[in-house]
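As a plain string of letters, each chain reads:
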Amino acid sequence: MKLPTQLALLGLVQLVLSAGSNDTLLWGPYRPNLYFGLRPRIPQSLMTGLMWFGTHDYQSISRTRHTCDQGDNLDSYSWTEYDTRQGGVQVIRDSANNVKITTEFLKVPGGDHGGSWAARVKGEPIKPDVPSRISTIFYFGLEGLGGLEMETDEDENGIQGEFRLSGSTPELDDFVIHVIDGPDNRAFTDGPHADAFQQRIGKTHFIGQPVAAGGIWQVKDAILNALISRAREIVASYQDPAAGPPDPSYVLQLPDEVYSGSNLYAVQKLFDGAFQFDVLFESGSSKQKLSSTVLDQGIPALVDTYGQHFRSVFPYPADYAKEKEQSMEAFSKAVTSNLVAGVGYFYGTSIVNRKFSYEWDEEEDVTPSNAEEEEGDEVQPGARLTDPKALLTATPSRSFFPRGFYWDEGFHLLHIGQWDNDFSLEILKSWIGLIDEDGWVAREQILGEEARSKVPQEFQTQVPNYANPPTLTMAVTAFITRLKANAVSQGPSDQDLGLGLGMGGDAQLPLTSESFGATGSRYLDSHEEALSFLKSIYKPLKRHYDWFRRTQRGQIKQYARKARSRTEGYRWRGRSELHVLTSGMDDYPRGPPHAGELHLDLISWMAFFTRTMKEIAGYIGEIDDEISFGEIETAILGNIDGVYSTRYLASLAQANSRFALERRE
C-alpha cells in the first residue's frame with residue numbers, strides 16, 4: 001500500500017472507530033429506487049437525488065434518468081463496492097447518451113447528529129470518438145420540520161463557482177451543503193446561436209421552489225416543468241427555419257429563480273465530454289470541514305480497504321481455480337455491494353383490508369382482535385389506510401420491486417449478517433417492529449405513495465390473514481450461530497494484553513480490514529448486549545409464531561385424515577385459482593382451491609419456524625417455551641411423515657399435473 005493511501009486510511013479508521021452505530025448508519029443510499037439518492041433514516045427529513053439527460057438533441061429530455069426503470073434501457077447500473085459504514089462506488093453505463101457515470105459516496109462520522117458525507121458524480125464518454133453531452137441535475141428536498149436556504153448570491157444568468165445551501169431540522173440540527181465543480185469540466189461552446197447565450201454558458205443553473213408535504217418524491221416533474229417552461233419562451237423567438245433553434249444545451253436550463261418558502265433546490269450543470277462535481281454535506285456539530293480532498297483521498301482508501309475486508313469475510317474456496325479468482329471476486333463484490341446498497345428506508349401509510357377473504361378461506365377464519373375499535377364494534381369492510389410506519393429493509397429489485405418483501409428478507413439478512421452483523425440486526429429489528437398486536441406483519445411492505453406508485457393497484461392491499469414463509473427467524477438463528485462461533489474463537493482482548501488503542505508512546509493504529517469491521521460487531525463482542533437484543537425481539541416473534549399457528553391452520557379431523565397429531569396441519573390462506581402468492585412459489589401448479597386442502601410446503605415451514613423458536617428460547621433461557629416448542633416440532637414432523645405418505649404425494653403430483661395441463665389448455 002502506498003504511503004498517501006495509508007495516511008488517508010489512517011484518518012478514516014480514526015473517524016470510523018470514533019463513531020457509534022447510529023452515526024455510521026444514519027445516512028445511506030436509502031432511496032434504492034433511484035439511480036442515486038441519499039437520505040437519512042428519519043421519517044421526514046432531507047432527501048437528495050440525481051437526474052441526467054443528453055443535450056445532443058431536444059428529445060432526450062423526455063428520457064431523463066432518475067428512478068431505476070427497465071424502460072430506460074441502460075447497459076447497467078451496479079455498485080462495485082459498498083460498505084454500510086463507509087460508503088461505496090457505483091458505475092452506471094448509459095450508451096444511449098454515450099456516458100459512463102460513476103457515483104462515489106463517503107461517510108464522514110463526527111458530531112452529534114449523524115455525521116457528514118461527501119458524494120462525487122463523474123462521467124466520461126463510453127465511446128471517446130463520439131460526442132458525449134450531458135446535463136446533470138442534483139436536487140435537495142426537505143420534508144417535515146426545518147428549513148433550507150440558498151446561501152450563494154442569486155444571479156439570473158447562473159452561478160460561476162461553488163453553490164451553497166444551509167439548512168436545519170430537529171434531528172439533523174444545522175448543516176451546510178456545498179456543490180463544487182471539478183477542475184476540468186468543459187461546456188459546449190460551438191453550438192448554433194452560442195453568441196446569444198454567452199452569459200449563461202458554462203455556469204451552474206438552479207431553481208428553488210416550495211413543494212407540498214409528501215411531494216418530494218415527485219420532484220422530477222416539478223423540476224422538468226420549470227425547465228421546459230423556460231425553454232418554450234426562448235424557442236419562441238427562434239422561428240426562422242433557415243437559422244434554426246439554438247443548441248439544446250443553451251435552452252434546456254433551469255430558470256435561476258428562488259421562490260419564497262422553497263423546500264426544494266435543484267442544481268443543474270451542463271457538460272461536454274468528461275466531467276466531475278462534488279456534493280459535500282457538513283453537519284454543523286462536526287468539527288471537520290469538508291473539501292474535495294476528502295474524496296480524493298477517501299475513495300481510493302475505501303476501495304482498497306473494502307477489498308481487504310471482503311477477502312477476509314468471504315475467502316476464496318480452497319479448491320477454486322487460481323485463474324478465475326479475479327472474476328469471481330468482482331462478481332461476489334457486486335452481489336454483496338448491490339444487496340447492501342439496495343437497502344432502503346421507507347415511511348408512510350399502507351393499505352389493509354381486514355374483511356376480505358376468498359370463499360374457501362371463510363369457514364374458520366377469525367377477524368384479528370385488534371381490528372375491533374371497542375367491544376361490539378364491527379370492522380368496516382373495504383380497504384383502509386393505516387397509520388404511517390417506517391421500515392429499513394433490503395429490496396429484491398431496485399427497478400421492479402423497490403420495497404420490502406417479508407419472505408425475501410430472511411434470505412437477504414443471511415448474507416448481510418455475514419458482512420455487517422449489527423446492520424443486519426438493525427434491519428431485523430425494523431421488521432419485527434411491524435408485527436402488530438395479533439402477531440401479523442404484511443408480507444409486502446408498500447409504505448407511502450412513492451412505494452405504491454410502483455405497484456399495480458390490484459396488489460397494493462394487504463390482508464391480515466395472509467402469511468408468507470417465515471424466514472425472519474433464519475436471521476435470528478444465523479445471529480446466534482455467529483455468537484457461538486465468536487465466543488469460541490475470541491481470545492483475550494487487546495485491552496487485556498495491553499494493546500488497546502489508548503496506549504501512549506509510539507503506538508500505531510493498525511491499518512487492517514478488521515479495523516473497519518469493528519463497529520459492525522458490537523452485538524457479537526458483548527454477550528450482554530446480544531442477550532438484551534434477543535430478549536427484546538422474542539415476545540413479538542412468539543406472538544407472530546402464535547398468529548401463524550392460529551390463522552394458517554388446516555383441517556385434519558374434519559376430513560378423517562390419519563395423522564399422529566390432530567392439530568398440526570396447515571393451509572395457505574389467500575390463494576386464488578391460479579396463484580398462491582402467500583406461499584412464495586407464486587405460480588407453482590396446485591389443484592383448484594379447497595377449504596380441506598393441506599399444504600406440504602407450509603407445514604415444512606412451520607416445522608422450521610418451530611425449531612428456530614425452540615433454539616431462540618433455549619438461548620435466552622425460556623426453558624418452558626423451549627420444551628413446548630420441542631413438543632410441537634415433534635408433532636409436526638410426525639404429521640409430515642404420517643399424512644404425506646409416498647402414495648399420497650404421488651397422487652397429489654398426478655392431480656396437480658392434470659390441473660396444470662387443463663389450465664394451459
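Residues numbered from 1 in each chain as written. Predicted model: local features only at pLDDT ≥ 70, side-chain atom pairs only at ≥ 80, totals over all residues. Heavy atoms only, no water.

### Focus on the overall build of the chain
- Looking only at helices and strands, the chain has 16 helices and 22 strands in total.
- Residue burial in the chain is summarised as follows: out of 665 residues, 54% are buried.
- Within the structure as shown, the chain displays about 29,800 Å² of accessible surface, and the carbon and sulfur contribution to it stands at 50%. (Helix = DSSP H or I, 4+ residues; strand = E, 2+ residues; numbered from the N terminus. Buried < 20%, exposed > 50% of the residue type's maximum accessible area, 1.4 Å probe, protein only. Areas by Shrake-Rupley, 256 points an atom, 1.4 Å probe, with all protein chains shown as cover.)

### Quick word on the sheet that holds strand β10 (residues 163-169)
- Taken together, 8 strands build an open sheet; the order of strands is β4-β5-β6-β7-β15-β11-β10-β9 and the sheet is antiparallel. The open sheet terminates on both sides in strands that have one partner only, identified here as β4 (76-83) and β9 (147-150). Within this sheet the neighbouring strands show an average axis-to-axis angle of 15°, counted without direction. (Pairing = 2+ DSSP bridges. Axes fitted to C-alpha atoms, helices over the stretch in contact; angles between N-to-C directions.)

### So, the packing of helix α7 (residues 406-419) against helix α8 (residues 421-432)
- At a closest axis distance of 7 Å, the pairing of α7 and α8 adopts a crossing angle of 160°. Our classification of the angle between α7 and α8 gives roughly antiparallel. Once α7 is placed against α8, the crossing between them reads as left-handed. Together, Y406, E409, L413, I416, G417 and W419 of α7 and N421, F423, S424, I427, L428 and W431 of α8 make up the contact between the two elements.
- Its residues assigned to classes, the contact of α7 with α8 comprises 8 nonpolar, 3 polar and 1 charged. (Parallel < 35°, antiparallel > 145°, perpendicular 65-115°, else oblique. Left-handed = near helix turned anticlockwise from the far one by under 90°. Contact = heavy atoms within 4.5 Å. Nonpolar A, V, L, I, M, F, W, Y, C, P; charged D, E, K, R; others polar.)

### Some points on the pairing of strand β12 (residues 205-209)
- Of all 5 residues in β12, 5 are buried, a share of seventy percent or more.
- Every second residue of β12 is oriented toward a common face, with H205, I207 and Q209 on one face and F206 and G208 on the other, all of them buried.
- Direction of pairing for β12 relative to strand β14 (residues 264-272): antiparallel, over a ladder of 5 bridges. Paired with Q209 across the two strands is L264, which belongs to β14.
- Two strands pair when backbone bridges link them, and β12 and strand β13 (residues 257-258) are joined in this way by 2 bridges, in the parallel orientation. Each residue of the ladder has a partner; that of G208, found in β13, is V258.

### Concerning empty space enclosed by the protein
- One pass over the full model with this rule turns up 7 cavities of 30 Å³ or more.
- Quantified by volume, the largest cavity comes out at close to 80 Å³.
- Lining the largest cavity we find T55, R133, A187, F188, I201, G202, S249, Y250, Q253, L270 and F271.
- Where the lining of the largest cavity is concerned, the elements lending two or more residues are α4 (248-251) and β14.
- Around the second largest cavity sit D23, T24, W27, K107, V108, P109, G114, G115, S116 and W117, which together line it.
- For the lining of the second largest cavity, the secondary structure elements donating two or more residues are α2 (21-26), β6 (99-108) and β7 (116-124).
- Split into classes, the residues belonging to the lining of the second largest cavity amount to 4 nonpolar, 4 polar and 2 charged. (1 Å grid on protein atoms, 1.4 Å probe; cavity = no way out; pocket = protein on both sides within 12 Å on 5 of 7 lines; lining within 4 Å. Points joined across faces, edges and corners; volume = space filled by probe spheres on them.)

### Describing the packing of aromatic side chains
- Per the counting criterion, the structure on display carries 34 aromatic pairs.
- Relative to F140, the ring of F138 lies with its centre 5.4 Å away and its plane at 50°, an arrangement referred to as tilted. With respect to class, F138 is no different from F140; both count as buried.
- Every member of this aromatic cluster is reached through a ring pair, and the members are F36, W79, Y82, F138, F140, F271, F275 and F277.
- Directly above the ring of F188 sits R133, whose terminal nitrogen or CZ lies 3.7 Å from the centroid. (Phe/Tyr/Trp six-rings, centres within 6.5 Å; stacked < 30°, edge-to-face > 60°. Lys NZ or Arg CZ within 6 Å of the ring centre and 35° of its normal.)

### Focus: the pairing of β4
- Sheet topology note: the β4/strand β5 (residues 87-94) ladder contains 7 bridges and is antiparallel. From the neighbouring strand, W79 faces β5, where its bridge partner is Q90.
- Between the antiparallel neighbours β4 and β5 lie 3 residues.

### Considerations on the nonpolar core
- Membership of the largest hydrophobic core comes to 112 residues, with the highest contact counts inside it found for L46, F140 and L428.
- Apart from the residues within four sequence positions on either side, F140 is in contact with L46, M47, T48, L148, L165, I177, V179, N263, L264, Y265, V267 and V279.
- Formed by 27 residues, the second largest nonpolar core is a distinct cluster that contains L227, I234, L252 and L264. (Core = buried A, V, L, I, M, F, W, Y, C linked by side-chain atoms within 4.5 Å.)

Everything listed here is a matter of geometry and, on its own, says nothing about what the molecule does.
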